[in-house]
Amino acid sequence: MSNNSNGQRVIVVGTRQSALALTQTGQVIDELKRISEQEGLGYTFEIRKIVTKGDRILDVTLSKVGGKGLFVKEIEQALLDGEIDIAVHSMKDMPFQLQEGLMNGATPRRVNPLDCLVTKEGGDLDSLPQGARVGTSSLRRSSQLKNRRPDLQLESIRGNIDSRIRKLETEGFDAVVLAAAGLSRMGWEDRISALIPEDVCIPAVGQGALGIECRENDEQIRELLSLLNDRETEITVRAERSFLGTLNGGCQVPIGAYATIVSEEADGPLLELTGMVGSPDGETLLKEIKRGKDPEKLGKEVAESLIASGADRILAEIGG
Ligand SMILES: NCc1[nH]cc(CCC(=O)O)c1CC(=O)O
């Protein structure tokens, strides 16, 4: 912990170097500054950029290297070493199990959770030409798009959001699939040709949400972060993550989940969770919808019910 010349605590915020990571970290810092001023806490903030293993090997197929949480390991180490005090993650890139001594201190309000198409000609999924070439490296996206449009040619595309959009032009794709959240955080909503509704493509667990990691024993930070937490987002994402944890899925398997709050009742909010497991070719798409109050229990129930319908066999075939 360090203080500035006025004796105020300087909070060091770690981030990856991608444009999206820098942008969303900056947005979180702006929010924390506002809260800190409002509450008279007098904190100041500093950004520390960290190059992760995931950033260094972007050109290699990540699934081959096989690390869950490839982007997160070095950032967690910096937290444990006290080099940084908080780290902003895209929730969908946050590992299921955080390292001992670390915790998710806040889940801020989620933005649009849906996937979207950025197409060359404008227009939505149904208006893409027969056999159109669509770029995505997510099995979850290709499985569901194939299921809806078996004629599409799904091709792998890697890199940050900006380079994927560039590849739409330079590599002759008709469309690329991206998370709407990333584009809107970057201020590039005007690039979104069409949102892909959740009945076509169930988003990734936690998509559109952020997680803010901190040390468990840092009371000051925990208190500050608690003011940024959004209860609805927190519990819906907890249900989705419990689903993923029960299926033991990493990011390279066609698994999706999306939870919403359907009603507020006297004893707490009622959640609805849709879980999805698909085969990579899109021929099999298993979905299950359930409602419940306890997010962890609901996630587990949806996962178990999908396992009973054969999800375990699909996942075993992929080797996920
Ligand atoms: N897998 C990369 C990634 N991680 C988080 C986002 C942005 C969306 C979000 O915060 O959920 C993206 C880009 C994308 O999937 O298009």
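Residues numbered from 1 in each chain as written. Predicted model: local features only at pLDDT ≥ 70, side-chain atom pairs only at ≥ 80, totals over all residues.

*Asks:* Explain the overall build of the protein to me, and be specific about the residues and the numbers.
*Replies:* Along the backbone of the protein there are 11 helices and 14 strands. Relative to a compact globule of 320 residues, whose C-alpha radius of gyration would be 20 Å, the protein shows 20 Å and is just as compact. With the C-alpha coordinates of the protein rotated into their principal frame, the extents come out at 65 × 50 × 35 Å. Taken over 320 residues, the protein has a buried fraction of 41%. (Helix = DSSP H or I, 4+ residues; strand = E, 2+ residues; numbered from the N terminus. Rg over C-alpha atoms; globule rule 2.2 N^0.38 Å. Buried ≥ 20, exposed ≤ 12 C-beta atoms within 10 Å, placed from the backbone.)

*Asks:* Describe helix 6 (residues 161-170), listing the residues and the values that go with them.
*Replies:* Regarding helix 6, the residues found buried are Ile 161, Arg 164 and Leu 168. In a view along the axis of helix 6, the buried residues occupy a sector of 60°, so they form one face of it. Facing away from the buried side of helix 6, by more than 90 degrees, are the exposed residues Glu 169 and Thr 170. In this structure, the buried residues of helix 6 make contact with helix 1 (19-38), strand 6 (115-119), strand 7 (133-135), strand 9 (175-179) and helix 7 (180-185). (Arc of directions from axis to C-beta. Contact = placed C-beta atoms within 7 Å.)

*Asks:* Describe the packing of helix 9 (residues 231-247) against helix 10 (residues 295-308), naming the residues involved and giving the relevant values.
*Replies:* It is the contact of helix 9 with helix 10, at a shortest axis distance of 7 Å, that shows an interaxial angle of 40°. As summarised for this structure, helix 9 and helix 10 are arranged oblique, according to the angle between their axes. Between helix 9 and helix 10 the crossing geometry is right-handed. Two secondary-structure elements touch here, helix 9 through Ile 235, Arg 238, Ala 239, Glu 240, Arg 241, Ser 242, Phe 243, Thr 246 and Leu 247 and helix 10 through Pro 295, Glu 296, Leu 298, Gly 299, Lys 300, Val 302, Ala 303 and Glu 304. The class makeup of the residues in the contact of helix 9 with helix 10 is eight nonpolar, three polar and six charged. (Axes fitted to C-alpha atoms, helices over the stretch in contact; angles between N-to-C directions. Parallel < 35°, antiparallel > 145°, perpendicular 65-115°, else oblique. Left-handed = near helix turned anticlockwise from the far one by under 90°. Nonpolar A, V, L, I, M, F, W, Y, C, P; charged D, E, K, R; others polar.)

*Asks:* Quick rundown of helix 1? Include the residues and the values.
*Replies:* Counted at 1.5 Å a residue, the expected span for helix 1 with its 20 residues is 28 Å, and the 29 Å between its end C-alpha atoms agrees. Looking at the buried residues of helix 1, the elements they touch are strand 2 (9-15), strand 3 (44-49), strand 4 (86-90), helix 7, strand 11 (210-215) and helix 8 (219-226). Gly 40, located one to two residues past helix 1, shows a positive phi value of around 65°. (Expected span 1.5 Å × (residues − 1).)

*Asks:* Explain the site of the ligand residue by residue, including any values.
*Replies:* In the vicinity of the ligand, the contacting residues are Ser 90, Lys 92, Asp 93, Ile 161, Leu 178, Ala 179, Ala 181, Gly 182, Gln 207 and Gly 208. If you list the elements that add at least two residues to the shell around the ligand, you get strand 9 and helix 7. Taken together, the residues of the shell around the ligand sort by class into four nonpolar, four polar and two charged. Built from parts of two domains, the shell around the ligand gets at least three residues from each of domain 1 (2-107 + 209-229) and domain 2 (115-196). (Near = placed C-beta within 6 Å. Domains from an automatic or database assignment.)

*Asks:* An account of the environment of Leu 228 is needed here, citing residue identities and associated values.
*Replies:* Residue placement: Leu 228 occurs in the loop between helix 8 and helix 9. Here the alpha-carbon distance between Leu 228 and Pro 108, two residues 120 residues apart in the chain, equals 5.7 Å. Leu 228 has contacts with Glu 31, Leu 32, Ile 35, Ala 106, Pro 108 and Ile 212, leaving out every residue within four places of it along the chain.

*Asks:* If you had to explain the domain arrangement of the protein to someone new, which residues and values would you point to?
*Replies:* Taken domain by domain, the protein comprises domain 1 (2-107 + 209-229), domain 2 (115-196) and domain 3 (235-318). Domain 1 and domain 3 are separated by 27 Å when their C-alpha centres are compared.

*Asks:* Just give me the short version of the nonpolar core, but keep the residues and values in it.
*Replies:* Among the nonpolar cores identified, the biggest contains 49 residues, and Phe 243 and Ala 257 are the most heavily contacted of them. Counting residues in hydrophobic clusters, the runner-up holds 22 residues, among them Val 28, Val 72, Ile 221 and Leu 225. (Core = buried A, V, L, I, M, F, W, Y, C linked by C-beta atoms within 7 Å.)

*Asks:* Describe the pairing of strand 6, naming the residues involved and giving the relevant values.
*Replies:* Of all five residues that make up strand 6, five are buried, and the element is covered over most of its length. Burial of strand 6 is two-sided: the residues Asp 115, Leu 117 and Thr 119 facing one way and the residues Cys 116 and Val 118 facing the other way are all buried. Bridging between strand 6 and strand 9 involves five bridges; their strand directions are antiparallel. In the sheet register, Asp 115 faces strand 9, and the bridge partner there is Ala 179. Bridging between strand 6 and strand 10 (residues 194-196) involves three bridges; their strand directions are antiparallel. Counted as the bridge partner of Asp 115 is Ile 196 from strand 10. (Pairing = 2+ DSSP bridges.)

*Asks:* Quick rundown of the sheet that holds strand 8 (residues 153-155)? Include the residues and the values.
*Replies:* To summarise the sheet geometry, strands pair through backbone hydrogen bonds and adopt either a parallel or an antiparallel arrangement. The sheet built from five strands is open, its strands ordered 8-7-9-6-10 with mixed pairing. Pairing within the sheet leaves two strands with one partner each, and these edge strands are strand 8 and strand 10. On average, adjacent strands in this sheet sit at an angle of 30° to one another, irrespective of strand direction. Helix 5 (residues 139-148) contacts strand 6, strand 7, strand 8 and strand 9 of the sheet and is inclined by roughly 175° relative to strand 8. Running over the sheet, helix 6 touches strand 6, strand 7 and strand 9 and is turned about 165° from strand 9.

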